[in-house]
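Listed here are the chains, written in short residue letters.
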Protein chains: 2
Amino acid sequence: MAENNQKLRIKDIAVLAGVSEGTVDRVLHNRGDVSAKSREAVTKVLDEMNYSPNLLARSLASKKQYRFVCIFPTFQSGEYWETVDKGFDLAAQEFQHHNVFIEKKYFNQYDTQSFVNVSNEILQNEPDAVFVAPVFKNETLDFTAELSKRHISFSFIDSQIEEANFLTYYGQNSFKSGYIAAKLLLALMPEGAQILVIRTKRKGSGSNQTFSRSKGFMQFIQDKGLSNRIEIVNVEFSNDDELENLATLKQIFSTHSNIKAAITFNSKVYRLASLLEALKETNIRLIGYDLLDENVKYLQQGVINFLIAQRPDKQAYFSVRDMCRELIFRQEIKKINYVPIDILMKENIEDYMQFSEYI
Amino acid sequence: MAENNQKLRIKDIAVLAGVSEGTVDRVLHNRGDVSAKSREAVTKVLDEMNYSPNLLARSLASKKQYRFVCIFPTFQSGEYWETVDKGFDLAAQEFQHHNVFIEKKYFNQYDTQSFVNVSNEILQNEPDAVFVAPVFKNETLDFTAELSKRHISFSFIDSQIEEANFLTYYGQNSFKSGYIAAKLLLALMPEGAQILVIRTKRKGSGSNQTFSRSKGFMQFIQDKGLSNRIEIVNVEFSNDDELENLATLKQIFSTHSNIKAAITFNSKVYRLASLLEALKETNIRLIGYDLLDENVKYLQQGVINFLIAQRPDKQAYFSVRDMCRELIFRQEIKKINYVPIDILMKENIEDYMQFSEYI
DNA sequence: TGAATTTCCGTGTCCGCACACGACACGAAA
DNA sequence: TTTCGTGTCGTGTGCGGACACGGAAATTCA
């Protein structure tokens with residue numbers, strides 16, 4: 001494709017077009033103060049030999065600094081958002097020489113007000129771009145509306161809010177990933193099998209992601225006409241009381257004798273795994289989401305059969321990269337970016353994690 | 001982690017160490033002509049404030065050119081090696097401003113002599129680095145031995161030859177991927193099911209990859225004690241005569257009435273899919289390797305149930321990146337790199353391909 | 001018509017680094 | 001003492017591009 005990669009410098013362009021280097025510069029950057037004649041001459045030369053500027057040299061020379069701010073939930077070691085954090089760090093490292101500096105801000109994903117506070121802080125000293133994990137829809141919309149008003153670009157990761165005027169979105173198609181989960185979990189299930197579907201009570205509005213996954217899951221059952229061949233057993237977990245959950249489960253098992261599979265739509269499948277282990281209910285096909293350390297542990301032990309992953313680090317990294325392409329390099333970018341629905345099992349988790357780590 | 005990323009330039013180091021910039025440069029590049037005293041002073045300052053050079057500026061200033069040559073099989077559109085090719089192209093684009101220029105050389109993977117010829121060509125005008133897909137073991141060893149003798153670094157992609165002194169290897173753990181294929185294919189197979197295992201006659205030595213996959217596949221059967229619950233039906237295909245293969249299959253089906261699944265260990269599962277379709281044998285669980293256009297087509301149609309992929313473009317790209325890290329940036333690299341064993345189904349193939357395309 | 005603007009454009013400097021060149025000191029050989 | 005290495009080191013220039021500055025030409029205004 002890119003065949004004529006002769007090393008073309010501005011100097012050469014200037015000679016060919018019969019103007020000065022300064023003029024070429026003006027045309028390249030679409031500055032106003034160029035006569036129509038000069039502009040035309042340069043443009044012509046420019047796309048005859050399709051010139052691409054040396055981005056390295058460009059950033060070297062440019063003294064413009066960029067401040068990017070990320071805002072997403074706090075986390076503890078081994079949790080989901082830690083991987084996102086790593087992705088931002090990697091981007092920070094990669095793009096620091098292009099004069100972009102990344103700040104990370106965290107909020108409590110169970111506390112709306114904490115998001116509002118942090119987002120206000122961000123608005124105080126205006127950054128050049130913002131990356132948001134839109135956990136709270138309304139509050140995020142308030143925030144992004146203000147950003148738009150001030151002409152600050154922003155991108156979504158993890159999930160999106162369609163009404164907002166975001167630059168890019170990186171995240172998984174959760175409906176599809178729920179559909180796939182069903183397919184993996186329910187393939188060749190015997191007649192009459194009972195399937196445990198765990199949901200966690202959450203204060204405030206439930207997460208979009210888990211809801212869509214659940215819809216996808218149900219859609220599969222409907223598509224394949226499984227609703228009268230298997231039985232879905234809905235269970236509601238408490239978010240903090242593990243003993244209560246154990247009791248709930250015990251009770252369920254005492255009244256359901258043919259439970260063959262189980263799923264959770266959030267990333268906390270390790271809790272279910274742990275409870276099932278405690279109950280010695282080991283012969284249950286189990287599937288969950290995201291590579292939390294604990295999840296991976298149970299996957300490797302064979303308690304969890306499948307984990308579905310969504311490359312959180314890449315979501316962060318590519319968001320930053322695309323923002324640079326937009327603001328600095330002026331390259332084409334794509335708005336909606338679905339990350340792959342990665343299927344992990346005991347046997348392929350190791351290589352997968354090693355490879356991601358190393359980018 | 002990388003907290004103290006103050007913008008430190010050579011100039012600053014020089015001042016702090018009380019020497020000239022030239023001297024700092026000599027220390028940084030381990031040149032000989034520095035007095036022990038100066039060297040020590042600079043070194044001390046250097047690791048007090050841990051300095052990291054601006055790689056952009058470095059490449060900009062350096063006039064050294066690097067010529068990298070890749071040698072791998074020819075391909076037609078939509079085939080496996082095309083993706084590898086794309087990966088090299090992307091790397092070429094990315095690293096051209098670091099003064100590396102990539103040449104691609106192709107050989108006929110069914111003709112040993114063509115490999116020998118091309119590798120000799122490469123030796124004629126010595127490149128700075130070589131990337132090899134070691135299809136022919138002995139001939140590759142001859143080649144790499146000569147490269148080693150001339151101190152030309154080389155890397156393997158796709159498969160490796162342990163005896164050679166390669167810089168990096170990117171490829172899939174084929175044994176594991178065979179194991180996984182078995183797991184996906186044979187999960188919950190009914191008693192007495194017959195499983196079709198297709199192998200293709202190949203002139204010369206068979207491919208390492210397909211052989212290891214087959215071993216992994218069999219290992220799963222052994223591990224799970226399936227050998228007396230299911231029956232493996234081995235079938236040998238011709239590489240070119242599709243009519244003959246059709247006849248073979250027809251014959252097999254006439255003598256085996258309980259065929260439930262089928263697999264090929266090379267990337268040509270689309271041929272099997274096509275034959276099965278022709279024979280109206282549609283209710284067979286089918287799995288294969290690699291995202292050839294044709295394979296993807298059958299996957300999307302639901303004829304193929306699973307495809308196992310191995311990110312060929314990333315193998316190529318990262319090989320080049322690591323070579324740059326070694327020769328130019330002097331960074332740490334890892335020798336053996338297993339790429340993930342990606343599991344693709346009808347429902348996740350689309351996002352997967354879109355995402356890879358966009359890197 | 002001369003002065004004041006406005007429009008257009010060329011030059012010079014710097015970004016952080018690599019490298020060639022030449023300067024300088026010192027000691028040994030002539 | 002002169003001459004000539006040898007071992008150290010400082011300076012200058014350039015990589016490709018961004019941008020400020022100021023000058024010249026074109027235009028407007030008095």
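Details of the structure are given in the entry above.
Scope of this entry: the structure provided in the associated data block. Source: prediction; values computed, not measured.

### Quick look at the environment of leucine 16 of chain B
All names here are of chain B. With respect to the secondary-structure elements, leucine 16 resides in helix H1 (residues 10-17). Residue classification places leucine 16 among the exposed residues on the basis of a relative accessible area of 51%. Residues leucine 16 and valine 45, 29 residues apart in the sequence, show an inter-C-alpha distance of 6.9 Å. Setting aside chain neighbours within four positions, we find leucine 16 in contact with Val45 and Met49.

### Section: the sheet that holds strand E12 (residues 342-344) of chain B
Two modes of strand pairing occur in sheets, parallel and antiparallel, and in both the strands are linked by backbone hydrogen bonds. All names here are of chain B. Spatially, E7-E6-E8-E9-E10-E12 is the arrangement adopted by the six strands of the open sheet, whose pairing is mixed. Each edge of the open sheet carries a strand with a single partner, namely strand E7 (231-237) and E12. This sheet shows a mean twist of 20° between the axes of neighbouring strands, independent of strand direction. Pairing analysis gives three bridges linking strand E10 (residues 306-309) to E12, with the strands arranged antiparallel. Paired with isoleucine 308 across the bridge in E12 is isoleucine 343. The sheet strands contacting helix H8 (residues 174-186) are strand E6 (194-200), strand E8 (259-264), strand E9 (285-289), E10 and E12, and the helix crosses E9 at an angle near 165°.

### Let's talk about the packing of aromatic side chains
As enumerated under the stated definition, the model contains 44 aromatic pairs over all chains in all. Taking the centre distance of 5.5 Å and the plane angle of 80° together, the rings of phenylalanine 318 of chain A and phenylalanine 355 of chain B count as edge-to-face. Of the two residues, phenylalanine 318 of chain A sits in helix H13 (residues 312-329) while phenylalanine 355 of chain B sits in helix H14 (residues 349-357), which places them in two different chains. Of the two residues, phenylalanine 318 of chain A and phenylalanine 355 of chain B, both sit in the buried class. Through successive ring pairs, a cluster of aromatic residues spans Tyr66, Phe68, Phe72, Phe75, Tyr80, Trp81, Phe88, Tyr106 and Phe131 of chain A. The residue whose ring lies beneath arginine 213 of chain A is tyrosine 289 of chain A, and the NZ or CZ to ring-centre distance is 3.9 Å. The positively charged end of lysine 297 of chain B is found above the aromatic ring belonging to tyrosine 298 of chain B, 4.8 Å away from the centroid.

### So, the relation of the copies chain A and chain B
Placing chain A over chain B gives an RMSD of 0.1 Å and needs a rotation angle of 180°, together with 0.1 Å of translation along the axis. Classification of the inter-copy transformation places it as that of a two-fold axis. When each C-alpha of chain A is compared by its distance to the rotation axis, leucine 56 of chain A comes out closest, at 2.6 Å. Interface residue correspondence from chain A to chain B reaches 100%, placing this contact among same-surface, isologous pairings.

### Some thoughts on the packing of helix H1 (residues 10-17) of chain A against helix H2 (residues 21-28) of chain A
Residue and element names in this part refer to chain A. The contact between H1 and H2 brings their axes to 8 Å, and the two run at 105°. By the angle class used here, H1 and H2 are roughly perpendicular. Contacts between H1 and H2 involve Ile10, Lys11, Ile13 and Ala14 from the former and Glu21, Val24 and Leu28 from the latter. Here the contact of H1 with H2 is built from residues that sort into five nonpolar, no polar and two charged.

### Here's the deal with the sheet that holds strand E5 (residues 169-171) of chain A
Residues and elements named next belong to chain A. Sheet architecture is open: six strands sit in the order E2-E1-E3-E4-E5-E11, paired in parallel fashion. Of all the strands in the sheet, just strand E2 (100-107) and strand E11 (336-338) have a single pairing partner and so form its edges. Strand-to-strand twist of the sheet, defined as the mean angle between neighbouring strand axes without regard to direction, takes the value 15°. Here strand E4 (residues 153-158) runs beside E5; their pairing, made up of three bridges, is parallel.

### Some details on helix H10 (residues 242-255) of chain A
Along an α-helix, residues three or four apart share an orientation, since each turn contains 3.6 residues. Residue and element names in this part refer to chain A. Helix length check: H10 (14 residues) gives 20 Å between terminal C-alpha atoms against 20 Å at 1.5 Å per residue, within 8%. Among all positions in H10, only Asn245, Leu249, Ile252 and Phe253 are buried. Along the axis of H10, the buried residues cluster in a sector spanning 95°; they form a single face. More than 90 degrees from the buried face of H10, the exposed residues found are Leu243, Lys250 and Ser254. Looking at the packing, one finds that the buried side of H10 touches strand E6 (194-200), strand E7 (231-237), strand E8 (259-264) and helix H11 (269-278). With a side-chain oxygen lying 3.1 Å from the backbone nitrogen of leucine 243, the N-terminal cap of H10 falls on aspartate 241.

### Focus on the protein's contact with DNA strand C
Neighbouring residues of DNA strand C: 23 residues in total, closest Ser20, Arg26 and Ser38 of chain A together with Tyr51 and Arg58 of chain B. Backbone atoms, meaning sugar and phosphate, make up 70% of the atoms of DNA strand C lying within 4 Å of the protein. Arginine 26 of chain A places a side-chain nitrogen or oxygen 2.5 Å from a base oxygen of DNA strand C. Within the contact set of DNA strand C, a phosphate oxygen lies 2.6 Å away from a side-chain nitrogen or oxygen of tyrosine 51 of chain B. Listing elements by their share of the surface near DNA strand C, those giving two or more residues are H2 and helix H4 (55-61) of chain A together with helix H4 (55-61) of chain B. For the surface near DNA strand C, the class distribution of residues is nine nonpolar, seven polar and seven charged.

Quick notes on the rules
Residues numbered from 1 in each chain as written. Chains lettered and ligands numbered in written order. Predicted model: local features only at pLDDT ≥ 70, side-chain atom pairs only at ≥ 80, totals over all residues. Heavy atoms only, no water. Helix = DSSP H or I, 4+ residues; strand = E, 2+ residues; numbered from the N terminus. Buried < 20%, exposed > 50% of the residue type's maximum accessible area, 1.4 Å probe, protein only. Contact = heavy atoms within 4.5 Å. Pairing = 2+ DSSP bridges. Axes fitted to C-alpha atoms, helices over the stretch in contact; angles between N-to-C directions. Phe/Tyr/Trp six-rings, centres within 6.5 Å; stacked < 30°, edge-to-face > 60°. Lys NZ or Arg CZ within 6 Å of the ring centre and 35° of its normal. Least-squares fit on C-alpha atoms with pLDDT ≥ 70 in both. Parallel < 35°, antiparallel > 145°, perpendicular 65-115°, else oblique. Nonpolar A, V, L, I, M, F, W, Y, C, P; charged D, E, K, R; others polar. Expected span 1.5 Å × (residues − 1). Arc of directions from axis to C-beta. Polar contact = N/O pair within 3.5 Å; in protein donor to acceptor, adjacent residues only side chain to side chain. Near = heavy atom within 4 Å.

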